[in-house]
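A structural walkthrough
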Amino acid sequence: PWIRPLANAYSYDDADMLHDMLGHVPFLLDRRFTSFIHQLGRMVVDSDFNEEVTEMVNRVYWRTIEAGLVLEDGVPKVYGAALLSSLGESVRSVHPAIPKIPFSFEECISRSFFYDREQDDYFLLKSFDEFPTIISQLREHLTLSQTNHC
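Read on for an overview of the structure. All figures in this text were calculated on a predicted structure; none of them were measured in a lab. (Residues numbered from 1 in each chain as written. Predicted model: local features only at pLDDT ≥ 70, side-chain atom pairs only at ≥ 80, totals over all residues. Heavy atoms only, no water.)

A closer look at the overall build of the protein
The test is simple: Segments assigned H or I by DSSP are reported as helices when at least four residues long, segments assigned E as strands when at least two residues long, and all are numbered from the N terminus. Exposure classes here rest on a 1.4 Å probe applied to the protein chains alone. A residue is buried below 20% of its type maximum, exposed above 50%, and partly exposed in between. We call two residues in contact when some of their heavy atoms are within 4.5 Å. For accessible areas, the Shrake-Rupley method is used with a probe of radius 1.4 Å. Any residue's cover is judged against the shown protein chains and nothing else. Counting rule for charge: Lys and Arg are taken as positive, Asp and Glu as negative, and neither His nor the chain ends is counted. Every charge is mapped onto a representative atom, which is NZ of Lys, CZ of Arg, CG of Asp or CD of Glu.
Of the regular secondary structure elements, the protein holds seven helices and four strands. The secondary structure elements of the protein, listed N-terminal to C-terminal, are α-α-α-β-β-α-α-β-α-β-α. Along the three orthogonal principal directions, the C-alpha set of the protein runs to about 50 × 35 × 30 Å. Going through the 150 residues of the protein one by one, you find that 39% of them count as buried. Counting only contacts in the protein whose residues sit at least 6 apart along the sequence, the fraction spanning at least 24 positions is 60%. Accessible surface, the protein as shown: approximately 8,700 Å² in total, 58% of it carbon and sulfur. Once the 13 positive and 23 negative side-chain charges of the protein are each reduced to a mean point, those two points are 4 Å apart.

Printed below as a string of structure tokens:
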């Protein structure tokens with residue numbers, strides 16, 4: 001459905017209009033986000049949808065754009081679209097008992113994530129200005145990986 005039933009306001013497994021309007025659209029006004037998302041997509045397309053590239057990009061995308069947290073005045077804040085569109089996971093993700101990992105590219109690509117349930121832990125950016133560094137690290141990782149496969 002394009003709009004989730006009221007009974008699913010606390011959490012919802014499928015992206016709908018609320019997910020897009022609350023979670024994605026506001027951030028598309030920020031060039032840091034649009035550049036980050038564009039560059040992630042470009043990597044997949046330029047690799048001709050290589051499975052390894054797609055998997056790495058998917059992990060970075062999910063742990064940032066969908067389920068990311070960012071520090072604001074020293075306090076973790078929700079910005080990931082999957083979190084913003086799920087009241088339950090939004091509240092849970094910033095609870096002090098839930099692990100928040102300072103963003104590390106290597107940690108991000110080595111940890112699993114879940115499409116169908118709440119995450120076990122969340123990555124925490126210092127600021128959105130980290131996006132270009134994440135792109136550089138991903139490119140470097142993929143270049144090294146391709147070099148090692150030859």
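Read on for the rest.
Observations regarding the packing of aromatic side chains
Here is the rule we go by: Classification of ring pairs uses Phe, Tyr and Trp, with its six-membered ring standing for Trp, and accepts pairs whose centres are within 6.5 Å; under 30 degrees between planes counts as stacked, over 60 as edge-to-face, and the remaining range as tilted. Two conditions define a charge located above a ring, namely a distance within 6 Å from the ring centre to NZ of Lys or CZ of Arg, and an angle within 35 degrees of the ring normal.
Summed over all chains, the structure comprises 13 aromatic pairs. When the ring of Phe27 is compared with that of Tyr79, the centres are 6.3 Å apart and the planes differ by 70°; the resulting orientation is edge-to-face. Taken together, the residues Phe27 in the loop between α1 (17-24) and α2 (31-46) and Tyr79 in the loop between β2 (75-78) and α4 (81-84) connect sequence positions 52 residues apart. Comparing Phe27 with Tyr79 shows no difference in burial state: the two are buried. Note on Trp62 and Tyr115: the rings are 4.9 Å apart at their centroids and 75° apart in plane angle, and the pair reads as edge-to-face. Taken together, the positions of Trp62 in helix α3 (residues 51-66) and Tyr115 in the loop between α6 (105-110) and β4 (122-125) put the pair 53 residues apart, joining distant regions of the chain. Above the ring of Phe114, the side-chain terminus of Arg117 is found at 3.6 Å from the ring centroid.

Concerning the environment of Ser127
Applied cut-off: Distance and chemistry together define a polar contact, namely a pair of N or O atoms within 3.5 Å, with one atom able to donate a hydrogen and the other to accept it when in protein, and with adjacent residues in sequence counting only for side-chain atoms on both sides.
With respect to the helices and strands, the residue Ser127 is situated in the loop between β4 and α7 (131-149). Along the chain, Ser127 and Arg59 lie 68 residues apart, while their C-alpha atoms are 19 Å from each other. A distance of 3.1 Å separates a polar atom in the side chain of Ser127 from the backbone nitrogen of Asp129.

Regarding a nonpolar patch on the surface
Basically, it comes down to this: In this scheme, patches are assembled from residues that exceed 30% relative accessible area and form no salt bridge. Like charges are connected within 9 Å, while nonpolar side chains (Val, Leu, Ile, Met, Phe, Trp, Tyr) are connected within 5 Å. Just to be clear on terms, a salt bridge is a Lys or Arg side-chain nitrogen sitting within 4 Å of an Asp or Glu carboxyl oxygen.
On the surface, a nonpolar cluster with roughly 410 Å² of combined accessible area is contributed by Trp2, Ile3, Leu18 and Leu22. By secondary structure assignment, the location of Leu18 is in helix α1. Taking the relative accessible area as the measure of exposure, Leu18 reaches 33% and is therefore partly exposed.

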